[in-house]
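Results of the structural survey
Chain by chain, the residues run as shown.
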Amino acid sequence: MNSSSGRRVAGPRGLPVLGSFFPMLNEPLALANKLHAEYGDVSLVRVYGTPIAFLRNPVDVKRVLIDEPQLFPKPRIENPFNGNGLTVSRGDHWKRQRHMVQPLFSKEKVRLWSGLFSDELHKGVERWMALGAKGESFDMYTEAARLMFGVMWRTCFDENPREEHFARIMDAIDVFGRRHTPWGVLFYKLLPRFDPKAPRMGMALWLINGWIYGRLSKRRERGTRDGDITLLSMLVESRARETGESMNDKEVRDEIVNLFGASFEMIATSLTWAVHACTQYPDVVRRIREEVREVCGDEAPRYEDVAKLTYTTRVVQEINRLSPPAWTILRETAEDVEVGGVMLPKGTQLLMCPYAIHRHPDHWKDAETFDPDRFLPERQVGQHKCAYVPFGAGQRICVGQHMSQVDTVQTLALLLQRCDVEYLGRSPVEWQTRLTFVPKRGMPVRVRARQG
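To keep things clear, this report deals only with the structure shown in the data block. Quick caveat, the model's predicted, so the values are computed rather than measured. (Residues numbered from 1 in each chain as written. Predicted model: local features only at pLDDT ≥ 70, side-chain atom pairs only at ≥ 80, totals over all residues. Heavy atoms only, no water.)

**Looking at the environment of G347**
Tracing the chain through its elements places G347 in the loop between strand 6 (342-344) and strand 7 (349-352). A sequence separation of 16 residues divides G347 from R331, and the C-alpha atoms of the two residues are 9.6 Å apart. Those residues within four positions of G347 in sequence are excluded, and the remaining contacts are P51 and T333. (Helix = DSSP H or I, 4+ residues; strand = E, 2+ residues; numbered from the N terminus. Contact = heavy atoms within 4.5 Å.)

Here's what the structure looks like:
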C-alpha cells in the first residue's frame, strides 16, 4: 500500500497517544496476523509512542537474527522472575553465560537425563490411563505441564517434587503470563498498589527463590559428588571460558529459573498440541503406531529409538510449525534502519511471530494443511534457513531445542503405542498467547489403554 506521497504505508494510525494499545494488549498475535494480511511482510504500529514492527518474511528474519545481529539486539526486559538469565540477558554477560550453559544441553547431556524422563513419562501415562479407566477426562495442557514439571524438577535437583511445588509453579505461570485487560493496564499503571497480581507475584517469587537458594546452599556445602548429573550441580561447576570464574548464587538462580521455566513450559505446550493433532488425524496415528512397532516392537520407546522414529519426528516438526510454542521472537533496532522497504526508527521493537513466519505464502505451499511429509529431506531442499524458526535462529537459538524434540517424540510414541486418545471439546481449539502459545480454554481429552 502506498500513500499519496509515494511512501509505503506500513500500518494503521491508531488512536491519539495510545496508538494500537487496545488490540496489542488484547491479543498481539491476532494483531500481527491482521496487519500482515493488510500491509504485508513488515507492518508498523505505535503503542504509547513506541514504534512496534511485526516481521514475517524469512529473508528479513535472517537479516535480524543471523546476518546483522548487532543492528538488532535483544531489548532490555525487566522481569523479577527471570532476573538476568539466559533468555533475557544481553551483551557481554549473555555471551559469558551462553558459553557456560550451552554445553549443559548437548546431546550427550540429554542422553544422561533420558532415564529420568522415561521414568516420569511412564508414571504420567499410567496416571492418564488410570483416569481414563474411571471414565474421567483431563486438560491435556495441565497434565503435560505436570509431566514436564516432574522431569525438570528431578533434572535440576534430583528429588521428586511434591504436588504443592507443581501447584505453586502453575500459579506463578498464571500470574506472570496472564495479561490484564487494556482498561486494567491503564488503571493499574496509574494505581499500581491496587494491582491484584502484585501480591501473587511477590509470593511466587519468594517461594521460588526459597526453593532454589535453599538447595543451592546445600549443594555448595557438600561439594562435588561423583555421578551427580543435576542441572544445579552442572551450573555450579561450570566455568567461564576466558576467566575460569564460576557463577555466583544469583547467576545460578537466574539460570535455573530461565532453563527450568523455558524447558518445562515450552515442552509441555508442544506436547499439548502434539496430542491434539493426533486426535484429529487418524492416518497420522496409524503411521506413528506402525513406525513404533517396526522400531521398538512391544518394548517402550527409549531415547536411543528416537533417531529411528523419523516419521514421528516429522509429525512433531509439523506440529511445531503450525503451533509453535514460542509465539514471538523479540529484538529492537539499534539505529534508524530500513527493513523490507519500511524505515524503522531507532528503538523500534521488532516482533517476529513464528506462527506467521511458518505460514508465509512464498515459503510454504498449502501452509494451513497438516502435512508431516513436507519435512522429508528431499522436500526441504531449497527451503529458506529462517522459514522454520520454532526455536529461534542465530546466536541466540534455544539451547534446549534438542531436549524438546526428543521428549516430544518419545512421549507421542509411547502414548500412541499404549493408548487411544479422544478429544472431548465441542468445537475446534482456540489459541491464545501467554508465556507460550496455549489453548484458550484448555484441551479436554480422555486417554484409555489400547485393547490387545
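Having seen it, we continue.
**Looking at the pattern of salt bridges**
Summed over the entire model, instances satisfying the criterion amount to 35 salt bridges. For the salt bridge of E332 with R90, the shortest nitrogen-to-oxygen distance reads 3.5 Å. Taken together, the residues span a long stretch of sequence, with E332 in strand 4 (residues 329-332) and R90 in the loop between helix 3 (58-67) and helix 4 (91-101) at a distance of 242 residues. Note that K123 is salt-bridged to E120, the shortest N-O span being 2.9 Å. (Salt bridge = Lys/Arg side-chain N within 4 Å of Asp/Glu carboxyl O.)

**Some thoughts on the sheet that holds strand 11 (residues 444-449)**
Reading across the sheet, the three strands line up as 3-11-8 and stay open at both edges, with antiparallel pairing between neighbours. Two strands bound the open sheet, and with one partner strand each, they are strand 3 (138-139) and strand 8 (419-423). In this sheet, strand 11 lies alongside strand 3 in antiparallel orientation, the contact comprising two bridges. Across the sheet, the residue bridging to F138 is V445, located in strand 11. (Pairing = 2+ DSSP bridges.)

**Observations concerning the pairing of strand 1 (residues 42-47)**
Among the six residues that make up strand 1, five are buried, leaving the element largely enclosed by the rest of the structure. Note: strand 1 against strand 2 (residues 50-55), six bridges, orientation antiparallel. Along strand 2, the bridge assignment pairs V45 with I52. Between the antiparallel neighbours strand 1 and strand 2 lie two residues, among them Y48 with a positive phi of about 55°. (Buried < 20%, exposed > 50% of the residue type's maximum accessible area, 1.4 Å probe, protein only.)

**Digging into the sheet that holds strand 2**
Strand order across the open sheet formed by four strands is 1-2-7-4, with mixed pairing between neighbours. Only two strands of the sheet have a single neighbouring strand rather than two, namely strand 1 and strand 4. Within this sheet the neighbouring strands show an average axis-to-axis angle of 25°, counted without direction. In the sheet, strand 2 pairs with strand 7 via four bridges, with the strands oriented parallel. The residue bridging A53 from the neighbouring strand is L350, located in strand 7. Along the sheet, helix 2 (residues 28-39) makes contact with strand 1 and strand 2, crossing strand 2 at roughly 70°. Along the sheet face, helix 3 touches strand 1, strand 2, strand 4 and strand 7 and points at about 120° away from the line of strand 7. (Axes fitted to C-alpha atoms, helices over the stretch in contact; angles between N-to-C directions.)

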